[in-house]
Amino acid sequence: MNILIAPDSFKGSLPAVRAAEIIADVILRHDPAARCLLLPQADGGEGTVDALFAALGGRLHLHEVPDPLGRPVQARWLQLPGGSALIEASSCVGYTLLREEDRDPRLLHSDGLGLLLGHLYARGFTRVYCGLGGTATNDAGYGMARALGAAIHIGTVAPDSVRAALGTVESIDRPPDHDVEVIGLADVIN
């Protein structure tokens, strides 16, 4: 019997790759003749890098960036065959990086994602796929743009939080010399 095993991750507890392996192990214990094809899935959130690495290969890397509260975290990214890169926003600005009591969207920022994108640009990548799920921030990319060097023009009132800053943005000028195509990966239409 041929069996296709294609789970997504179990948020914050079990990555899709590991879930597929466990399912296959259980099937093979009950039917050693079964042929299991493991095809872990991802929706753009945590596990996207692992699922595509399992399917496409490539080379995994780590780069230190700040989490949504500014603490250092090692963000994983994948150098894909063919010269593009894949990142998960959740690896640097994800809600699983935070304790429950730290999940205050008024204080969280996406600077880490901008710094990771800037790192890939500095390494010469011109196309980056970015999984957008599982993030803890709702700063509309304010921190990401700021970290990439975009000129953000705000009103005369000095903002005391990310949320307050968003209410004062008058315009954003594109970061200088960043010619990277970023393709968002998500399972929703917005």
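So, here's what we can say about the structure. (Residues numbered from 1 in each chain as written. Predicted model: local features only at pLDDT ≥ 70, side-chain atom pairs only at ≥ 80, totals over all residues. Heavy atoms only, no water.)

So, on to the overall build of the protein chain. In terms of regular secondary structure, the protein chain is built from 6 helices and 9 strands. With the principal axes as the frame, the protein chain shows a C-alpha extent of 70 × 40 × 30 Å. For the protein chain, the proportion of its 190 residues judged to be buried stands at 38%. Across the protein chain, the 15 positively charged side chains and the 23 negatively charged ones have centroids separated by 4 Å. (Helix = DSSP H or I, 4+ residues; strand = E, 2+ residues; numbered from the N terminus. Buried < 20%, exposed > 50% of the residue type's maximum accessible area, 1.4 Å probe, protein only. Lys, Arg positive; Asp, Glu negative; His and termini not counted. Charge placed at Lys NZ, Arg CZ, Asp CG, Glu CD.)

With the rule as written, the count across this model stands at 9 salt bridges. Residues aspartate 111 and arginine 146 are paired through a salt bridge, measuring 2.6 Å at the closest nitrogen-oxygen approach. In this pair, aspartate 111 is assigned in helix H4 (residues 111-122) and arginine 146 in helix H5 (residues 142-148), connecting sequence segments 35 residues apart. Residue aspartate 111 is classed as buried on the basis of its relative accessible area of 14%. With a relative accessible area of 36%, arginine 146 lands in the partly exposed category. (Salt bridge = Lys/Arg side-chain N within 4 Å of Asp/Glu carboxyl O.)

Here we come to the nonpolar core. One finds Trp77, Ile87, Cys92, Leu113, Leu116, Leu120 and Val128 to be the most contacted residues of the largest nonpolar core, which totals 18 residues. Elements supplying a minimum of two residues to this core: strand S4 (72-79), strand S5 (85-88), helix H3 (90-93), H4 and strand S6 (127-131). Residue contributions to this core peak at 4 residues, all from H4. Leave out the neighbours within four places in its chain, and leucine 120 touches Trp77, Ala85, Ile87, Phe125 and Val128. Ala145, Ala150, Ile152 and Ala165 belong to the second-largest nonpolar core, a separate cluster that totals 5 residues. (Core = buried A, V, L, I, M, F, W, Y, C linked by side-chain atoms within 4.5 Å. Contact = heavy atoms within 4.5 Å.)

As judged from the 8 bridges shared by strand S3 (residues 59-66) and S4, these two strands associate in the antiparallel manner. Within S4, the position partnered with histidine 61 by the bridge is tryptophan 77. The loop that links S3 with its antiparallel partner S4 comprises 5 residues; one of these, glycine 70, has a positive phi angle of about 95°. (Pairing = 2+ DSSP bridges.)

What follows concerns the packing of aromatic side chains. Following the criterion strictly, the structure yields 1 aromatic pair and no others. Aromatic side chains tryptophan 77 and phenylalanine 125 sit 5.5 Å apart centroid to centroid with 85° between the ring planes, which places their arrangement in the edge-to-face category. Here tryptophan 77 is found in strand S4, whereas its partner phenylalanine 125 is found in the loop between H4 and S6, with 48 residues between them in sequence. Residue classification places tryptophan 77 among the buried residues on the basis of a relative accessible area of 0%. Residue classification places phenylalanine 125 among the buried residues on the basis of a relative accessible area of 6%. (Phe/Tyr/Trp six-rings, centres within 6.5 Å; stacked < 30°, edge-to-face > 60°.)

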